[in-house]
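Listed below, chain by chain, are the residues.
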Amino acid sequence: MTTTPQRHLILEQICDSEAATATLAAALGTHLQVGDLVALRGDLGAGKTTLARALIRARLGHPDEAVPSPTFTLLQTYDDAAAPIAHFDLYRVEDPSELVEMGWDDALADAIALVEWPEHAGALLPARRIDVTLSFGDSEGTRRVTIERMGNWDGRLHEL
Amino acid sequence: MNRMTILGIETSCDETAAAVVRGSAGGPADILSNIVFSQFDEHAPYGGVVPEIAARAHIERLDAIVGEALSVAGIALKDVDGVAATAGPGLIGGVIVGLMTAKGLAAAAGKPFVPINHLEGHALSVRLTEAVAFPYLLLLVSGGHCQLINVAGVGRYEVLGSTIDDAVGEAFDKTAKLLGLGFPGGPAVEAVAERGDPRRFLLPAPLKGRSNCDFSFSGLKTAVRRAAEQAGTLSPQDVSDLCASFQAAVSASLLDRTARAFDKFTARFADAPMQLVVAGGVAANQALRARFGELCEARGAALFVPPPRLCTDNGAMIAWAGLERLSQEGSEGGGERLDAPPRARWPLTELKAT
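Residues numbered from 1 in each chain as written. Chains lettered and ligands numbered in written order. Predicted model: local features only at pLDDT ≥ 70, side-chain atom pairs only at ≥ 80, totals over all residues. Heavy atoms only, no water.

*Asks:* Any details on the packing of aromatic side chains? Residues and values, ideally.
*Replies:* Throughout the structure, instances matching the rule amount to 6 aromatic pairs over all chains. With centroids separated by 5.5 Å and ring planes inclined at 55°, the aromatic side chains of Y91 of chain A and W117 of chain A adopt a geometry described as tilted. You can see Y91 of chain A sitting in the loop between β4 (85–89) and α3 (98–101) and its partner W117 of chain A sitting in the loop between β5 (112–116) and β6 (129–136), a full 26 residues away along the chain. The exposure class of W117 of chain A is buried, given its relative accessible area of 14%. Across from the ring centre of F72 of chain A, 4.7 Å away, lies the NZ or CZ of R92 of chain A, which sits over that ring. Just above the ring of Y91 of chain A sits the side chain of K174 of chain B; from NZ or CZ to the centre is 5.1 Å. (Phe/Tyr/Trp six-rings, centres within 6.5 Å; stacked < 30°, edge-to-face > 60°. Helix = DSSP H or I, 4+ residues; strand = E, 2+ residues; numbered from the N terminus. Buried < 20%, exposed > 50% of the residue type's maximum accessible area, 1.4 Å probe, protein only. Lys NZ or Arg CZ within 6 Å of the ring centre and 35° of its normal.)

Here you go:
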């Protein structure tokens, strides 16, 4: 018997500016706890890192925190008393087996994980997660943002 | 000054590397061997066939790489005066492999171990091959790094600016991907740009005119995407023109940021000759190099660009940083250094001179 993973749409919104996306990211961030994983999906330039940056800065309470792109470093970590944040970028990962030595399991257990290019995690991507999908809108700076819950969240994240 | 022979190990990201360097502090030094896995021609340890090993599987490669480094250098482990290894920043799994291996080798040889910050390796690398005195301004530009740093001495670094989003090498790679060019993206974009018109597409030179020395390249990525979409189906000439325009925008931004850093350098080191070191994989881009040459000539500055093999991650720069540190610090403190932990995050500005 196969179980279809539960998928629940939390919200879908057109953000007409980077600031609007940042506000949404901050709102999402307030609901997250250690052990949660947010998968960030979208084409090159769609704004995955920009959204992650806004979420991290909001959670840390540091609007000027340096949050460089993890494309080459693969993982950037942020210390925080409430919950450390592990920001992964799997763009350069060719095989999910690489995730083991990157400390994937520890990060998922001990931090809030933000994962760009989650497709490259294969079967290691947990069934229980948040999927954020970004796509280009009609005008420059506009993005369509879709936020979905996957799996069992025990009533958490019903809405933002 | 005593000449020392140092074995250096680097495993903090993609590359598994080891090298043996012999010289005295101040440089230049002799690179007796510089073995990097991605260019490892010797398949002898594997019986002529390199097995399929996953990316960054340092633990499976390092022994052979270290063995090759010692062998090519013509020395045995007992002949080294110290062992240096990257202790961070980077991917902690890989860092641990290099760190523990180096500590074990140092202990076995009865020689000091020196933990090295990867960025410090890049910062000091120019002195391996050129007699460059402190202070100098360093522009570090690669896939994963984009920083302007005043280098006043070993352990004396002032970060003037860094990227707020994408690194330069990353911008080249993603532009190549957007335009369907090959991998690695940087050389592909550069090659195609040679035939292109840099003025055809008006792309923004990010942060140009700002008074700080930070960089930003993610907006340029979306500008390239938009320009490509507006152009419709792209002919090879369209792609060449887009690459040339992209490269021109990157160049304008890098030059602007660096020129501002020149001002900060001369304000801080009023009596020192102006020296610019451009290091990192992107330094291999000849078009950018020409622009930097022009900037330096206009400002009366000397320009140094380390050879490509020393610009990408390598063990020689780690060995060299180890040599410079050991010369400065001496071999006391060996116990503390053997306790050095692996660090995923290790800002350059936390380092101290001794």
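*Asks:* For the pattern of salt bridges, give the residues involved together with the corresponding values.
*Replies:* Counted by the stated rule, this structure contains 29 salt bridges over all chains. A salt bridge links R7 of chain A to E148 of chain A; the shortest N-O distance between them is 2.8 Å. With R7 of chain A in strand β1 (residues 7–15) and E148 of chain A in strand β7 (residues 143–150), this pair connects stretches of sequence that are 141 residues apart. With a relative accessible area of 14%, E148 of chain A lands in the buried category. One salt bridge connects R260 of chain B with D256 of chain B, and the closest N-O pair in it is separated by 3.4 Å. Placement of the pair is R260 of chain B and D256 of chain B together in helix α8 (residues 236–268), with a separation of 4 residues, close to one helical turn. Three or more residues joined by partner-sharing salt bridges are found here, namely R92 and E98 of chain A together with D14 and R56 of chain B. (Salt bridge = Lys/Arg side-chain N within 4 Å of Asp/Glu carboxyl O.)

*Asks:* Got a sec to walk through the interface of chain A and chain B? Specific residues and values, please.
*Replies:* The partner chain B presents 24 residues to the 26 residues of chain A that form the contact. Here chain A and chain B share an interface that buries about 2100 Å² over both sides, 52% of which is from carbon and sulfur atoms. Among the residues of chain A in contact with chain B, L44, F72 and E101 of chain A are the three that bury the most area, contributing 31% of the side total. Taken together, chain A and chain B are joined by 4 salt bridges. Of the charged contacts in the structure, one is a salt bridge between R56 of chain B and E98 of chain A, with a shortest N-O distance of 2.3 Å. (Contact = heavy atoms within 4.5 Å. Buried area = accessible area lost by both parts, 1.4 Å probe.)

*Asks:* Describe in detail the sheet that holds strand β7 (residues 146–153) of chain B, supporting the description with residues and values.
*Replies:* All names here are of chain B. Spatially, the 5 strands line up as an open sheet ordered β8-β7-β6-β9-β10, and their pairing is mixed. The open sheet has two edge strands, β8 (156–162) and β10 (302–304), and neither has a second partner. With direction set aside, neighbouring strand axes in the sheet form an average angle of 20°. The pairing of strand β6 (residues 136–141) with strand β9 (residues 275–279) spans 4 bridges and is classified as parallel. Looking at β9, one finds that L138 is bridged to V277. Against the sheet, helix α9 (residues 286–299) contacts β6, β9 and β10, and its axis sits at roughly 155° relative to β10. (Pairing = 2+ DSSP bridges. Axes fitted to C-alpha atoms, helices over the stretch in contact; angles between N-to-C directions.)

*Asks:* Account for the domain arrangement of chain B, with residues named and values stated.
*Replies:* Residues and elements named next belong to chain B. Taken domain by domain, chain B comprises domain 1 (4–125 + 310–350) and domain 2 (133–305). The gap between the C-alpha centroids of domain 1 and domain 2 is 29 Å. Between domain 1 and domain 2, the contact holds 13 residues from the first and 16 residues from the second. Three residues stand out in domain 1 for area buried against domain 2, namely A123, C311 and L348, and they jointly supply 38% of the buried area on that side. Counting the contacts that link domain 1 with domain 2 gives 0 salt bridges. Taken together, the links from domain 1 to domain 2 amount to 3 residue pairs in polar contact (both at pLDDT 80 or more). Where the side of domain 1 that touches domain 2 is concerned, the elements lending two or more residues are α3 (118–124) and α11 (316–329). The greatest single-element share of the side of domain 1 that touches domain 2, amounting to 6 residues, is contributed by α3. (Domains from an automatic or database assignment. Polar contact = N/O pair within 3.5 Å; in protein donor to acceptor, adjacent residues only side chain to side chain.)

*Asks:* Can you tell me about the sheet that holds β6 of chain A, naming the residues and giving the values?
*Replies:* Residues and elements named next belong to chain A. In spatial order, the strands read β1-β7-β6-β2-β5-β4-β3; together these 7 strands make up an open sheet with mixed pairing. For this open sheet the edge positions go to β1 and β3 (75–78), each flanked by a neighbour on one side alone. Recorded for the sheet is a direction-independent mean angle of 15° between the axes of neighbouring strands. Strand direction decides the pairing type here: β1 and β7, joined by 8 bridges, are antiparallel. Within β7, the residue paired with Q13 across the bridge is V145. Sitting on the sheet, helix α2 (residues 48–60) is in contact with β2 (37–41), β3, β4, β5, β6 and β7, with an inclination near 165° to β5.

*Asks:* Describe the environment of L179 of chain B, with residues and values.
*Replies:* Residue and element names in this part refer to chain B. Structurally, L179 can be placed in the loop between α5 (168–178) and α6 (185–193). Overall, the relative accessible area of 10% leaves L179 in the buried class. The spatial distance from the C-alpha of L179 to the C-alpha of R299 is 36 Å, given a sequence separation of 120 residues. When sequence neighbours within four positions are dropped, the list of residues in contact with L179 reads A228, L234, V239, L242 and C243.

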